[in-house]
Amino acid sequence: MTRRLTVAQALVTFLAHQYTERDGRRQRLIDACWGIFGHGNVAGIGQALLESEGALPYLQGRNEQAMVHAAVGFARQRDRLAAHAVTTSIGPGATNLVTGAALATINRLPVLLLPGDTFATRPADPVLQQLEHPGAGDISVNDCLRPVSRYFDRITRPEALIPAALQAMRVLTDPAETGAVTLALPQDVQAEAYDWPEEFFADRVWHVRRPAPDPAATADAAAAVRAARRPLIVAGGGVHHSEAEDALRALVEATGIPVASTQAGKGSLRHDHPADVGGIGHTGTAVADELARAADVVIGVGTRYSDFTTASATLFAPGVRFVNLNITSFDAHKLAALPLVADARAGLRALTEALAGYRVPASYESEYAAGKAAWEAEVERAYAVADPGARPGQAQVLGALDAVVGDEDVIINAAGSLPGDLHKLWRARSRRQYHLEYGYSCMGYEIPAAIGVRLAAPDRPVWALVGDGTYLMMPTELVTAVQEGIAIKVVLIQNHGYASIGGLSEAVGGERFGTAYRYRAPEGSYSGDPLPVDLAANAASLGMDVLRARTAGELRTVLAEARAADRPTCVYVETETADSVSGAPPAQAWWDVPVAETATRPAAVRARRDYERHAAARRRYLGT
């Protein structure tokens, strides 16, 4: 039997019948479709969504990049077992997807992109918003999405949708391959009818695999750990994606091995677990980084070892051995490691069994317990409020929020100076509380991602933490939150500039050039008075309820009021200026940002000397 539908109608119907299953739990794979309509999709996907009568729910966005961010936030909160689709018109609507697609793929998070494309039949050439390439008639702007997509196809004939749609679902549900998936849909093909086999629309369940590690590889990894006296686990985002937190806790409680976490892995152990030593790397804690410098074996679990984690290849000792448990062979083999290519939960359970009877020396446990206690004292000092009547520093903002939230709250951030402070200071209370997008560290991610997380977990308080720089990049989805009644909480921190990059600029001899939000002074620099921009009024104009905290003493009360609110609410707080925003302990490890090799300004000359000293400590980890 067949059913006559347009390509767009067939795709929407197909998507409404796709499911994932892991550990016996089944759920919709494509939970909803975000969209902004134009001539490239309004009569195709738009009409099909209307005709589906809610079989695939539609969500209205304001910015195409933001729609992808919302979809990514949703997928991460759902442990990559459910995702959203995003449809756009051709031209700028499609190219606006590129940043979000890169973010999704870098972070290994599934999102289905359905950009409109130019006519496959070329009845009029060019059409509005079409890019003409003199040397290739089959290129469109959607080809920009190829390098940032894990799978890409252009559906130039109706029957081509069947294999392409199945391949798209395969990639979205494969934990080793997932990321952005793009099906480019020429606008004429979207509206073309075809007789589809009924089997295409049957319920289809995609089993999300949990591959176990190879027994020989497990034995080699266990032997390496058993020979170690100072092993350290580095927990990455794969721990969360695999729901492997209990398996990790069982391993560390059996062996006493301490756990440091990447930005994506923070919360793999609760902050008050004795083996949790906090963040690692450039934004890590002193105790975690000191343990890393002296570790003889490092066990990476679900991490891709970014330069922030390794302190640009300066953190770990020259003779260290790596054991990497990862679902992808690509990441498992990094740093010349002994690879355990497996699901994180399955691999941790196998390793725990293979390590039966092993435990680190008691002196090592005492050492990291003392370091953990010392760092906790640093956190208390950073959170402390010296003058309740003064403006808070950024660390005091986090301290006030720490006092208000519960285990169920979700804290979302991505860019600026906040990620470093959060990685060092935040006390993660549950597995999905700490939501940092630091694979791409994309300004503008936080607000739309908060919407996606709240859609995925409607009973959890969700906080988007944004500085003024990030807010000005993408406040548009506040309108979406208001329209849909999605009660996110936005903490908007006004510090009059790009605080994070300003600090980095100063460190590398750039003297904070171009990083302050101030009037231009007579000599040409941006060193005049702060701009009279009222971001709280802007948020209110977009429909948010706005609460202003004018002093450190008011802040906790205002945050508690926002937490109790059942409408989208913004807490606006003005902190100290951008050159003194943080108040958190300084970096405990290096990060490689090259400094000008030739310069005349004294700050750059000093910075280059400092850079060369640090760079000399870089090393290759080649194993033995």
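**Considering the side chain of Arg432**
In step 1: Along the chain, the position of Arg432 falls in the loop between helix 17 (418-425) and strand 19 (434-436).
In step 2: Using a relative accessible area of 4% as the deciding quantity, one classes Arg432 as buried.
In step 3: A polar atom in the side chain of Arg432 sits 3.0 Å from the backbone oxygen of Arg76.
In step 4: Among the polar contacts listed, one links the side chain of Arg432 to the side chain of Asp79, at a separation of 3.0 Å.
In step 5: Once residues lying within four places of it in the same chain are set aside, the contact partners of Arg432 are Arg76, Gln77, Asp79, His240, His241, Val410 and Arg460.

**With respect to empty space enclosed by the protein**
In step 1: On inspection of all chains with the given rule, the structure shows four cavities of 30 Å³ or more.
In step 2: Lining of the largest cavity is provided by 47 residues; of these, Gly237, Gly238, His241, Ala264 and Gly302 occupy positions nearest its centre.
In step 3: Elements that contribute at least two residues to the lining of the largest cavity include exactly helix 6 (161-173), helix 9 (237-241), helix 12 (307-310) and strand 16 (321-326).
In step 4: Of the residues forming the lining of the largest cavity, the biggest block, three residues, is contributed by helix 9.
In step 5: Its residues assigned to classes, the lining of the largest cavity comprises 16 nonpolar, 19 polar and 12 charged.
In step 6: Estimated volume of the second largest cavity: approximately 220 Å³.

**Quick word on the packing of aromatic side chains**
In step 1: Applying the stated criterion to the full structure yields 14 aromatic pairs.
In step 2: With 5.8 Å between their ring centres and 80 degrees between their planes, Tyr305 and Phe322 make a pair best called edge-to-face. One end of the pair, Tyr305, is in the loop between strand 15 (297-301) and helix 12; the other, Phe322, is in strand 16, with 17 residues separating them in the sequence. Accessibility assignment for this pair places Tyr305 and Phe322 in one class, buried.
In step 3: Residues Phe308 and Tyr438 carry aromatic rings whose centres are separated by 5.2 Å and whose planes lie at 75 degrees to one another, so their mutual orientation is edge-to-face. Of this pair, Phe308 sits in helix 12 while Tyr438 sits in the loop between strand 19 and helix 18 (446-456), placing them 130 residues apart in sequence.
In step 4: Since its relative accessible area comes to 12%, Phe308 is described here as buried.
In step 5: Clustering of aromatic rings is evident, with ring pairs tying together Phe14, Tyr194, Trp196, Phe200 and Phe201.

Here is what the cut-offs are and how they apply
Residues numbered from 1 in each chain as written. Predicted model: local features only at pLDDT ≥ 70, side-chain atom pairs only at ≥ 80, totals over all residues. Heavy atoms only, no water. Helix = DSSP H or I, 4+ residues; strand = E, 2+ residues; numbered from the N terminus. Buried < 20%, exposed > 50% of the residue type's maximum accessible area, 1.4 Å probe, protein only. Polar contact = N/O pair within 3.5 Å; in protein donor to acceptor, adjacent residues only side chain to side chain. Contact = heavy atoms within 4.5 Å. 1 Å grid on protein atoms, 1.4 Å probe; cavity = no way out; pocket = protein on both sides within 12 Å on 5 of 7 lines; lining within 4 Å. Points joined across faces, edges and corners; volume = space filled by probe spheres on them. Nonpolar A, V, L, I, M, F, W, Y, C, P; charged D, E, K, R; others polar. Phe/Tyr/Trp six-rings, centres within 6.5 Å; stacked < 30°, edge-to-face > 60°.

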